[in-house]
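# Residue-level structure breakdown
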Amino acid sequence: SRWVADVFGDNALAEELRGRSRIHTKVLTQVLLTRLLIGYIRLAEAPQSMARAQPSSLNQLSQQNLTTRVEAFMERNLHRHIVRAEIAAAVHISPPHLSRVFRVVTGKTLVDRLTELRMDRAKAQLLESPLSITQIALEVGYASLSHFSSVFQRVVGHSPSDYRRNRGYSRRQA
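The sections below set out a description of the structure shown in this document. Keep in mind that this is a model prediction, so the values were computed, not measured.

### Some thoughts on helix H10 (residues 145–156)
With 12 residues, H10 extends 16 Å from end C-alpha to end C-alpha; this agrees with the ideal 16 Å at 1.5 Å per step. Phe148, Val151 and Phe152 are the residues of H10 that are buried. For H10, the angular spread of the buried residues around the axis is 100°, confining them to a single face. Turned more than 90 degrees from where H10 packs its buried face, Ser146 and Arg154 sit exposed. Those residues of H10 that are buried are in contact with helix H8 (110–128), helix H9 (133–139) and helix H11 (160–165). Looking at the residues trailing H10, positive phi occurs at Gly157, about 95°.

Written out as structure tokens, the structure reads:
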């Protein structure tokens, strides 16, 4: 079949297997299997640097540019619910590819980075504005005060009210 020629690159062997004569089929099959095993062994023994090729510097710049555009989009839209498909559409790539590239470049998932941006903005608002915690939660994209408070507590280590009251300092830092 065609895949045999594609995989092994040897049209003569593939033609013989496809031919009407079955005399050498067993031998040819063994030869093909041997070539397959050799290829597999070479792949398994290849250095890790060969197995995972590094992107070119041009590709790295492109990925960095993409990540910068994604973060700018997230910053502009912190005040509302954002989904991965919407971010991907804004930068004109597929959602799975966006997730892969973003994770490779930043070491973080989209959700982790979005949460980090929201918590940074919330911390600044808590220290600099007279807005209520509920209003701040809404401004950073949380419709539920309880969800905002639990995420803030998990990420920052303090409740929003404690953070505001202590001006961002904890007893552990003093």
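Next comes the rest of the account.
### Thoughts on the nonpolar core
Ranked by internal contacts, the top residues of the largest apolar core, which has 15 residues, are Val70, Met74, Ile87 and Leu98. Among the elements of the structure, helix H5 (57–76), helix H6 (84–91), helix H7 (95–106) and H8 are those that each provide at least two residues to this core. At 4 residues, H5 tops the list of elements feeding residues into this core. Filtering out sequence-adjacent residues up to four positions away, Ile87 remains in contact with Val70, Phe73, Met74, Ile82 and Leu98.

### A closer look at the pattern of salt bridges
For the structure shown, the criterion picks out 7 salt bridges. Residues Glu116 and Lys108 are paired through a salt bridge, measuring 2.8 Å at the closest nitrogen-oxygen approach. Glu116 gets classed as partly exposed once you look at its relative accessible area, which sits at 27%. Take Lys108: its relative accessible area is 28%, and that puts it in the partly exposed class. Across the pair Asp120 and Lys123 runs a salt bridge, and its minimum N-O distance is 3.8 Å. Here Asp120 pairs with Lys123, and both are found in helix H8, just 3 residues apart, close to one helical turn. Several salt bridges converge on common partners, so that one network encompasses Glu71, Lys108, Arg113 and Glu116.

### A closer look at unusual backbone geometry
Even without glycine at this site, His92 takes up a positive phi of about 65°. Turning to its location among the elements, His92 is positioned in the loop between H6 and H7. Given a relative accessible area of 69%, His92 falls into the exposed group.

### Overview of the packing of aromatic side chains
Taken as a whole and assessed by the stated rule, the structure comprises 3 aromatic pairs. Taking 5.6 Å as the distance between ring centres and 55° as the angle between the ring planes, the aromatic pair formed by Tyr142 and Phe148 counts as tilted. Side by side, Tyr142 and Phe148 carry an identical accessibility label, which is buried. Plain terms: the ring middles of Phe148 and Phe152 are 5.7 Å apart, the flat faces sit at 45° to each other, and that makes the pair tilted. Taken together, the residues Phe148 and Phe152, both in helix H10 and 4 residues apart, mark about one turn of the helix. Here the two residues Phe148 and Phe152 agree in accessibility, since each one is buried.

What counts, and where the lines are drawn
- Residues numbered from 1 in each chain as written.
- Predicted model: local features only at pLDDT ≥ 70, side-chain atom pairs only at ≥ 80, totals over all residues.
- Heavy atoms only, no water.
- Helix = DSSP H or I, 4+ residues; strand = E, 2+ residues; numbered from the N terminus.
- Expected span 1.5 Å × (residues − 1).
- Buried < 20%, exposed > 50% of the residue type's maximum accessible area, 1.4 Å probe, protein only.
- Arc of directions from axis to C-beta.
- Contact = heavy atoms within 4.5 Å.
- Core = buried A, V, L, I, M, F, W, Y, C linked by side-chain atoms within 4.5 Å.
- Salt bridge = Lys/Arg side-chain N within 4 Å of Asp/Glu carboxyl O.
- Phe/Tyr/Trp six-rings, centres within 6.5 Å; stacked < 30°, edge-to-face > 60°.

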